[in-house]
Each structure stands twice: as structure tokens, then as C-alpha cells.
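These are the residues of each chain, in order.
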Amino acid sequence: MVVKDALEPILEPCFHADSYGYRPRRSAHDALAAARQRCWHADWVLDVDIKGFFDNIDHDLLMKAVRKHTDCKWVVLYIERWLTAPVQMPDGCNHARDRGTPQGGVISPLLANLFLHYAFDMWMARKFPVLKFERYADDVVIHCYSLKQATMLRERLKERLAVCKLEMSPSKTKIVYCKDGNRTENYPVFSFDFLGYTFRPRKAHSKEGEMFLSFLPAISSKAAKAIRQRVRDWKLYLRPQTSLQEIAAWVNPIMQGWMNYYGRYYRSALYPVFAHLDFHLMKWAKLKLKRLGRSFRRTHVWMGRVRHRRPSLFVHWRFAQAR
């Protein structure tokens, strides 16, 4: 942390405006907002995946970039030691490292940003200054104006990454058509995931109340699945001795965090997740309240009454009411 605090003020002014990951006063929501706006103005997206980025950062190239910005000997010394420190395997053997950054290291995100600043950001600024992009660590979205341009850029970027001893994932890197009501080209790929959101054509309402098709982000199916699995793992039905108030006090902070992040755009996509939590609350109620028996209908009616009497008990109830 001491090295990060010494190095970050030097590097931060140099970093590209479209680099968002692990930087002060920048967030994933900032990157999502930029991507959302730019998808409306550029018809195509190159969704880039760098294969095993953090495990394959070349040490020599990284240290060259570090030395470009500081000649402080102790900073350089400690970074070199962290990069080359062996990893102890589960069997007790030490595994030497000649590439990659320490997983979980507090300085690793800063070093990764520095590496991609030269490997990608500055290369894009030199070679393709008119193309906009959003980069959050190694998660990259580039906006293009034609399929031909996106195809050419994919090949050029593949060559560039190879020069920097990185590899573009051929299966995960894809060209996407930002299809909406005005874009009707017949292209098979029209969605991509970025920072837990899926961008794809969705129904929207104009200021006049008319419905139209727009290219918008919402919580991804992968993120929604992970949340539902987390809710199942709580096993609320095994807590019949716990009160509903106690469950709410425990669950609400976690739900609030999910809603704060995934509810920024197209919040209605979260409602199936809320319904999943309500289903598990009803399973809890059937064991807690013997009068409900095994009847799902009676349990559903009971839940509706509780929600009507205490609409603020669970934060996702308030969230759904505020739509």
C-alpha cells in the first residue's frame, strides 16, 4: 500500500480518460454510462477478451513501464521482488514465476493499468484516435462504425497484443451489432456482457410514452444466476426459529448492495431476482407458521398481507414500489 500510494499520484494524471478500473473517483457505473451512450452513436462493438491477462503480464515490459515513470530505487526494488516471488503450491512446493502479477496484491490493479496503458490505451490513441472505448482493467469494449472497421481492428489488435506477449481469446472476443428499432441489419450477434450487465435490444418508452426498441444494458443472466444461487445458499427454510424482522435485518444490506449496482439501468430486469427471494421467504414461512400448512396459495396470500402491512420491511419491496 505504501508503494501504491507513492506511485499512484505519478501515474494517475497519465492514464487515459477511458480507463475506469480501480482508479480514484471512477467506477464501473461510469464505464457503463459511457458504453451505453456510445452504443447509441456507433453501430458496432468489438468486445475484447484478453486470455489470462493477470497471469501473463510480461515482467520485463512491465518494469520498463515502471521505470519510465519513477527512478525511486526502493519502489522499483519492491515491485520486482513482488513480481518474482515464488508461489507456494498446496503440496508445499514453490513455483517460480516469470510473468503475471500477484493475485490479490494491493498494487496489482495499478500495475495492470500501467501495462495496458501502453499495450492498449496509447496504441489506440495513436492508431485509431477517432474510435472510442471503455476499459475496466482487462475488460474492453471498442465502438466501431462499420463491420469492416471492427473486423480490421480485431486483426490489428490481435497483432498488437502478441507484440506485448498477450493473447486475444478467439472464442470470447466478438463483434456485436448494436441493433435497435432503426438498425435493421441482419447480423447474428447483437448482445455483449460488460461489468455484470448485458447490452442488447430492449423495449423502452419515449418521453411521449411511446414504446420503441433501444440498445440498453440490464443485469446479465450470469449475474442474476449468481444472485439466485447465493439466495439458495442462505437456506432460509432451515431458520424457522428466526423472526421475519431478523431475516430482513440480515438480508437487507446484501440486497441493497445488489440493487445499488444492478439497479442503475433497466431495473425491471431485477424483479425475477426479487421474486426468487420472496419464494424462499415463503418456504421459510411454511415451516415457521404451521397454520399455513403445505398450501402455496395460503402462503402467497400471507406474504401479500405482510407486504401490504409492512412495505418497507425488505428493501427490495421498497425498490419495486419505487418504479
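Below is a summary of the structure that appears in this document. Keep in mind that this is a model prediction, so the values were computed, not measured.

In total, this model carries zero disulfides according to the counting rule given. Cys72 provides the cysteine sulfur closest to Cys14, a residue in no disulfide bond, and the two sulfurs are 16 Å apart. For Cys14, a relative accessible area of 35% gives the class partly exposed.

This next bit is on unusual backbone geometry. The backbone phi angle of Ala137 is positive, close to 60°, even though this residue is not glycine. Here Leu195, not a glycine, exhibits a phi torsion of approximately 55°, which is positive. Within the secondary structure, Leu195 sits in the loop between strand 7 (192-194) and strand 8 (197-205).

Glancing now at the sheet that holds strand 5 (residues 139-144). The four strands lie next to each other as 4-5-1-6, forming an open sheet whose pairing is antiparallel. For this open sheet the edge positions go to strand 4 (133-136) and strand 6 (174-177), each flanked by a neighbour on one side alone. On average, each strand axis in the sheet is tilted by 15° relative to the strand beside it, whichever way the strands run. Relative to strand 5, strand 4 is paired through four bridges, and the arrangement is antiparallel. Within strand 5, the position partnered with Arg135 by the bridge is Val140. In the packing of helix 2 (residues 28-41) onto the sheet, contacts are made with strand 1 (44-49), strand 4 and strand 5, and the angle to strand 4 comes to roughly 160°.

The next thing to look at is helix 8 (residues 221-234). Spanning 14 residues, helix 8 covers 20 Å between terminal C-alpha atoms, matching the ideal 20 Å at 1.5 Å per step. Of the positions making up helix 8, those classed as buried are Ala223, Ala224, Ile227, Val231 and Trp234. Looking straight down helix 8, one finds its buried side chains confined to an arc of 100°; they lie on one side. Along helix 8, the residues that are exposed and aim more than 90 degrees away from the buried face are Ser221, Lys222 and Lys225. Contacts from the buried residues of helix 8 go to strand 9 (211-219), helix 9 (244-262) and helix 10 (271-288).

This paragraph deals with the packing of aromatic side chains. One pass over the structure, following the stated rule, counts 19 aromatic pairs. Residues Trp234 and Trp250 carry aromatic rings whose centres are separated by 5.4 Å and whose planes lie at 55° to one another, so their mutual orientation is tilted. Taken together, the residues span a long stretch of sequence, with Trp234 in helix 8 and Trp250 in helix 9 at a distance of 16 residues. Taken together, the ring pairs in this structure connect Tyr197, Tyr261, Tyr262 and Tyr265 into an aromatic cluster.

Next up on the list: the pairing of strand 4. A two-sided burial pattern is seen for strand 4, the buried positions comprising Phe133 and Arg135 on one face and Glu134 and Tyr136 on the other. Count of turn residues in the strand 4/strand 5 antiparallel hairpin: two residues, of which Ala137 carries a positive phi of about 60°.

Next up on the list: the environment of Met89. If you trace the backbone, Met89 turns up in the loop between strand 2 (87-88) and strand 3 (94-95). Each C-alpha atom, one on Met89 and one on Lys73, is 31 Å from the other, the two residues being 16 residues apart in sequence.

Turning our eyes to something else, we now look at the sheet that holds strand 9. By definition, the strands of a sheet pair up through backbone hydrogen bonds, in either a parallel or an antiparallel sense. Here three strands make up an open sheet; going across it, the order is 7-8-9 and the pairing antiparallel. Here the strands that pair on one side only, and so sit at the sheet edges, are strand 7 and strand 9. Taken over all neighbouring pairs, the strand axes of this sheet differ in orientation by 50° on average, direction set aside. As paired strands, strand 8 and strand 9 are joined by nine bridges and run antiparallel to one another. Of the residues in strand 9, the one forming a bridge with Tyr197 is Ile219.

Where nonpolar side chains cluster on the molecular surface, the patch consists of Val2, Trp74, Tyr78 and Trp82 and spans about 410 Å² of accessible area. Looking at the nonpolar patch element by element, the count peaks at three residues for helix 5 (residues 73-84). With respect to the helices, strands and loops of the structure, Trp82 is situated in helix 5.

Moving on to the environment of Arg232. Looking at the element boundaries, Arg232 is found in helix 8. Judged by relative accessible area, which is 32%, Arg232 ranks as partly exposed. Spatially, the C-alpha atoms of Arg232 and His276 are 8.9 Å apart, while their sequence positions differ by 44 residues. Excluding residues that lie within four positions of it along the chain, Arg232 makes contacts with His276 and His280.

Thresholds applied
- Residues numbered from 1 in each chain as written.
- Predicted model: local features only at pLDDT ≥ 70, side-chain atom pairs only at ≥ 80, totals over all residues.
- Heavy atoms only, no water.
- Disulfide = S-S within 2.5 Å.
- Buried < 20%, exposed > 50% of the residue type's maximum accessible area, 1.4 Å probe, protein only.
- Helix = DSSP H or I, 4+ residues; strand = E, 2+ residues; numbered from the N terminus.
- Pairing = 2+ DSSP bridges.
- Axes fitted to C-alpha atoms, helices over the stretch in contact; angles between N-to-C directions.
- Contact = heavy atoms within 4.5 Å.
- Expected span 1.5 Å × (residues − 1).
- Arc of directions from axis to C-beta.
- Phe/Tyr/Trp six-rings, centres within 6.5 Å; stacked < 30°, edge-to-face > 60°.
- Patch = residues over 30% accessible without salt bridge, like charges linked within 9 Å, V, L, I, M, F, W, Y side chains within 5 Å.
- Areas by Shrake-Rupley, 256 points an atom, 1.4 Å probe, with all protein chains shown as cover.
- Salt bridge = Lys/Arg side-chain N within 4 Å of Asp/Glu carboxyl O.

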